[in-house]
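# Architecture at a glance
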Amino acid sequence: MIAFLCGLVIQVETGSCVVDVNGVGYLLAASSRTLAALPNPPEKARILVETVVREDAILLYGFAESAERAWFRLLTGVQGVGAKVALAILSTLSAGELVAVLSASDKASLTRAPGVGGRLAERIITELRDKAGRMPGAGADIVLPVSATPEGGIEADALLALAGLGFRRVEALPVLRRVMEAHGSGATLDAVLRDSLKDLAR
């Protein structure tokens, strides 16, 4: 399973982008929110990925935030909400807005998304309203030029790996920096990840 891709953003179109990773071009479907966060081609970026395997295809979906990917997974678990509709909802409403919309049973806001009618909006609200409060309102930005990641090197790679495992930047970064400081100049990615995960699991 692919957690994220790091490569050159070669092309951005309506509903998708192409990322070149070591000479292989990956086509990612994505929300307009994620596509707007991408750097201008050709520039390097890291993008969270969700892989969907079907009988006739392997499909990749890209996300700018861990929160958006979590919501994609939750939305596609509702009958009648496929990947295309889930991305339409995420293009219309941010993760934080989704929490508010579902908590308030705001059907009108959901129907603003293409492909979401009144009945489907009611089903989404019914099935997800009680789960909305436990969902993230926003996550750590993953779509970043590599030069913009904090301090680069081990810290940046470890932060992205933790984000791919579902940890939010706001909770992972303080732990990561504490572990990095403890390891000092002898820090390795494997050791930093191992100790950070131990701390985060407490």
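Along each chain, numbering runs from 1 in the same order as the chain's sequence is written. Restriction of local features to residues with pLDDT of at least 70 applies here, the model being predicted, together with a cutoff of 80 or more for giving and counting side-chain atom pairs; totals for whole chains, interfaces and linings are based on all residues. Note that water and hydrogens are dropped before the side-chain values are worked out from all heavy atoms of the structure.

### Quick notes on the UniProt feature "domain: Helix-hairpin-helix DNA-binding motif class" (unreviewed entry) in the protein
In the numbering used here, UniProt assigns the feature "domain: Helix-hairpin-helix DNA-binding motif class" (unreviewed entry) to residues 73-92 and 108-127. The distance from the first to the last C-alpha atom of residues 73-92 is 17 Å, and the span holds 65% helix and 0% strand. The distance from the first to the last C-alpha atom of residues 108-127 is 17 Å, and the span holds 65% helix and 0% strand. UniProt positions are given in the numbering used here, feature names are shortened, and annotations may be inferred rather than shown by experiment. A helix here means a DSSP run of H or I that spans at least four residues, while a strand means a run of E at least two residues long, and both kinds are numbered starting from the N terminus.

### Here we look at the sheet that holds strand S5 (residues 58-63)
DSSP bridges decide pairing: two strands pair if at least two such bridges lie between them. With respect to topology, 5 strands assemble into a closed barrel ordered S1-S2-S3-S5-S4, the strand pairing being mixed. Neighbour-to-neighbour, the strand axes of the sheet open up by a mean angle of 55°, direction not taken into account. Direction of pairing for strand S4 (residues 43-53) relative to S5: antiparallel, over a ladder of 6 bridges. The residue bridging Val-53 from the neighbouring strand is Ile-58, located in S5. Packing against the sheet, helix H2 (residues 66-75) makes contact with S4 and S5, and its axis sits at approximately 15° to S4. Note on definitions: a residue-residue contact is assigned when non-hydrogen atoms from the two residues lie within 4.5 Å. Every angle, taken between N-to-C directions, lies between 0 and 180 degrees, and every axis is a line fitted to C-alpha atoms, over only the stretch in contact when it is a helix. Relative to the sheet, helix H3 (residues 83-92) contacts strand S3 (24-30) and S5, its axis offset from that of S5 by approximately 10°.

### With respect to helix H4 (residues 95-103)
Per-residue accessibility, obtained with a 1.4 Å probe over protein chains only, is compared with the maximum for each type, and a residue is labelled buried under 20%, exposed over 50%, and partly exposed between these values. Looking only at H4, the buried set comprises Ala-95, Leu-98, Val-99, Val-101 and Leu-102. With its phi angle positive at about 55°, Ser-105 sits one or two positions after the end of H4.

### A short note on the confidence of the model for the protein
The pLDDT value expresses, per residue, how confident the predictor is, ranging between 0 and 100. Overall, the predicted model of the protein reaches an average pLDDT of 84, with 91% of residues at or above 70. Low pLDDT (under 50) marks residues 138-152, which in the prediction has 45 contacts with non-local residues, meaning those over four places away or in another chain.

### A closer look at the packing of aromatic side chains
Pairs were defined over the aromatic rings of Phe, Tyr and Trp, the Trp ring being its six-membered one, requiring ring centres within 6.5 Å. Orientation was assigned from the angle between planes: stacked under 30 degrees, edge-to-face over 60, tilted for the rest. What the rule picks out here adds up to 2 aromatic pairs. With a centroid separation of 5.1 Å and an interplanar angle of 35°, the aromatic rings of Tyr-61 and Phe-72 are classed as tilted. Placement of the pair is Tyr-61 in strand S5 and Phe-72 in helix H2, with a sequence separation of 11 residues. Note on accessibility: Tyr-61 and Phe-72 belong to one class, buried. On the numbers, 5.1 Å between centres and 55° between planes, the contact of Phe-63 with Phe-72 is tilted.

### Brief notes about the pattern of salt bridges
Each salt bridge in this description consists of a side-chain nitrogen of Lys or Arg and a carboxyl oxygen of Asp or Glu lying within 4 Å of one another. Counted according to the given criterion, the structure contains 5 salt bridges. Here Lys-107 makes a salt bridge to Glu-122, at a shortest N to O gap of 3.0 Å. Pair noted here: Lys-107 is in helix H5 (residues 107-110) and Glu-122 is in helix H6 (residues 118-132), with a separation of 15 residues, a long-range link. Its relative accessible area of 33% is what places Lys-107 among the partly exposed residues. In this structure, Arg-194 and Asp-195 form a salt bridge, with 3.9 Å as the shortest nitrogen-oxygen distance.

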